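As a plain string of letters, each chain reads:
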Amino acid sequence: MYICLCNGFTDRDVKSAVASGAQRIANVYETLGGAPQCAKCCTNIRDIIRESMTEGTAGVRR
């Protein structure tokens, strides 16, 4: 599912960035080579980061 239409990021892209060590929204954009534009996706990105932290998968490569 697309999370960021402006940059074309999917939920898999964001989860991959988080798994690679991105712990903040800015880190996700940096890792994926994008930049916030309309910022409507920030809530969804933050939710994915929090879910990953809760599950203990942040920073763990699969």
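All values reported here derive from a predicted model rather than from experimental measurement. (Residues numbered from 1 in each chain as written. Predicted model: local features only at pLDDT ≥ 70, side-chain atom pairs only at ≥ 80, totals over all residues. Heavy atoms only, no water.)

Right, let's get into the overall build of the protein. Counting its regular elements, the protein contains three helices and two strands. Tracing the protein from N to C terminus, the helices and strands come up as β-β-α-α-α. At 10 Å, the protein has a C-alpha radius of gyration in line with the 11 Å of a compact globule built from 62 residues. The principal-axis extent of the C-alpha atoms belonging to the protein is close to 30 × 20 × 20 Å. Taken across its 62 residues, the protein has 31% of its residues classed as buried. Of all intrachain contacts in the protein linking residues separated by at least 6 positions in sequence, the fraction that spans at least 24 positions is 48%. Total accessible area computed for the protein in this model is approximately 4,200 Å², and 46% of it derives from carbon and sulfur atoms. The average position of the 8 basic charges and that of the 6 acidic charges among the side chains of the protein differ by 2 Å. (Helix = DSSP H or I, 4+ residues; strand = E, 2+ residues; numbered from the N terminus. Rg over C-alpha atoms; globule rule 2.2 N^0.38 Å. Buried < 20%, exposed > 50% of the residue type's maximum accessible area, 1.4 Å probe, protein only. Contact = heavy atoms within 4.5 Å. Areas by Shrake-Rupley, 256 points an atom, 1.4 Å probe, with all protein chains shown as cover. Lys, Arg positive; Asp, Glu negative; His and termini not counted. Charge placed at Lys NZ, Arg CZ, Asp CG, Glu CD.)

We now examine helix α3 (residues 42-55). Taking 1.5 Å as the rise per residue, α3 with 14 residues should run 20 Å; its terminal C-alpha atoms sit 20 Å apart, in good agreement. Buried residues along α3 sit in contact with β1 (2-4), α1 (11-19) and α2 (25-32). Positioned one or two residues after α3, Gly56 has a phi angle of 75 degrees, which is positive. (Expected span 1.5 Å × (residues − 1).)

Keep in mind that these numbers describe shape and distance, not what the molecule does.
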